[in-house]
Amino acid sequence: MYQQSYIQYFFTYVFNAPGLMSLPTIMQYLPVAIVMFFSNKLCKKFGRKEICAVGMLLAGLSFLSIAFLKVTNPYIYLGVCLVSGIGNSFIFLMVWALVNDAIDDYMVKSGRRDDGTAYSLFTFCRQIGQTVAAILVNAGLMSFNYDKD
């Protein structure tokens, strides 16, 4: 979510290629359509948590590389978005299975089934994450003295 907030700024002011602005989103979500065909086999072999952790590590490292390499080419950025999309695909596909695993684990340990509370807390945490991402994007743009005028 943090990365998607920067797309308009990057492609307009850094890459000077506003016509390519929709491609990062495609590069992020296209891998989901491919990964979904074999993610179940990988999860059975390695485990859902492990596959998601490795995927998120891959996604995080790919975007850290942009910061360290100071990418100024939009096509390199799109390649990084594709790599990140491959990593994120596992969490996109498995997130609700992981929530169900947590609910089942809680039920086994406590003897209580609190699905509604778990889903509410999960949704609340996602909303907090989206808010923090928006604040960080705005703070980042302000630190660069960004002014759209």
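Up top you'll find the structure we're talking about.
The rules we used
Residues numbered from 1 in each chain as written. Predicted model: local features only at pLDDT ≥ 70, side-chain atom pairs only at ≥ 80, totals over all residues. Heavy atoms only, no water. Helix = DSSP H or I, 4+ residues; strand = E, 2+ residues; numbered from the N terminus. Buried < 20%, exposed > 50% of the residue type's maximum accessible area, 1.4 Å probe, protein only. Contact = heavy atoms within 4.5 Å. Areas by Shrake-Rupley, 256 points an atom, 1.4 Å probe, with all protein chains shown as cover. Lys, Arg positive; Asp, Glu negative; His and termini not counted. Charge placed at Lys NZ, Arg CZ, Asp CG, Glu CD. Expected span 1.5 Å × (residues − 1). Core = buried A, V, L, I, M, F, W, Y, C linked by side-chain atoms within 4.5 Å. Salt bridge = Lys/Arg side-chain N within 4 Å of Asp/Glu carboxyl O. Patch = residues over 30% accessible without salt bridge, like charges linked within 9 Å, V, L, I, M, F, W, Y side chains within 5 Å.

Let's shift gears to the overall build of the protein chain. Within the protein chain one finds six helices and zero strands. Scanning the protein chain from its N terminus toward the C terminus, one meets helices and strands in the order α-α-α-α-α-α. Taking the principal axes of its C-alpha atoms as reference, the protein chain extends roughly 60 × 30 × 25 Å. When the 149 residues of the protein chain are sorted by exposure, 28% land in the buried category. Sequence separation of 24 or more characterises 69% of the internal contacts of the protein chain that already satisfy a separation of 6 or more. Accessible surface for the protein chain amounts to roughly 9,800 Å². Of this, 66% is attributable to carbon and sulfur atoms. Looking at the protein chain, you have 11 positive and 8 negative side-chain charges, and the mean spots of the two groups are 8 Å apart.

On to the side chain of Ser62. As for its placement among the helices and strands, Ser62 is situated in helix 4 (residues 48-69). Sequence-distant contacts of Ser62, defined by excluding residues within four places in its chain, comprise Val80, Val83 and Ser84.

The next thing to look at is helix 2 (residues 23-35). When the terminal C-alpha atoms of helix 2 are compared, their 19 Å separation across 13 residues agrees well with the 18 Å that a helix rising 1.5 Å per residue should span. Among the residues of helix 2, those classed as buried are Pro24, Gln28, Pro31, Val32 and Val35.

So, on to the nonpolar core. In terms of nonpolar packing, the biggest core is built from eleven residues, these being Ile7, Phe11, Phe15, Ala17, Leu20, Ile66, Val71, Tyr77, Leu78, Val80 and Cys81. Those elements that provide at least two residues to this core are helix 1 (2-14) and helix 5 (74-110). Element by element, the count of residues in this core is highest for helix 5, at four residues. Not counting residues within four places of it along the chain, the set of residues in contact with Val80 comprises Ser62, Phe63, Ser65 and Ile66. Cys43, Ile51, Cys52 and Phe90 belong to the second-largest nonpolar core, a separate cluster that totals six residues.

Our next topic: the pattern of salt bridges. A side chain with one charge can pair with a side chain of the opposite charge if their charged atoms come near. If you walk through the whole model with that rule in mind, you get five salt bridges. Between Arg113 and Asp115 there is a salt bridge, and its shortest N-O distance comes to 3.0 Å. Residue Asp115 is classed as partly exposed on the basis of its relative accessible area of 26%. A single network of salt bridges, built from pairs that share partners, joins Asp104, Arg113 and Asp115.

By secondary structure assignment, the location of Ser143 is in helix 6 (residues 115-143). Exposure remark for Ser143: the relative accessible area of 55% places this residue in the exposed category. For the pair Ser143 and Lys49, spaced 94 residues apart in sequence, the C-alpha to C-alpha distance is 36 Å.

We now examine a nonpolar patch on the surface. A contiguous nonpolar patch, built from Ile26, Tyr29, Leu30, Ile34, Met36, Phe37, Phe38, Phe92 and Leu93 and spanning about 860 Å² of accessible area, is present on the exposed surface. Within the residue set of the nonpolar patch, elements represented by two or more residues are helix 2 and helix 5. The leading source of residues in the nonpolar patch is helix 2, at four residues. With respect to the helices, strands and loops of the structure, Leu93 is situated in helix 5. By relative accessible area, which is 30% here, Leu93 ends up partly exposed.

This is a description of form; function is not addressed.
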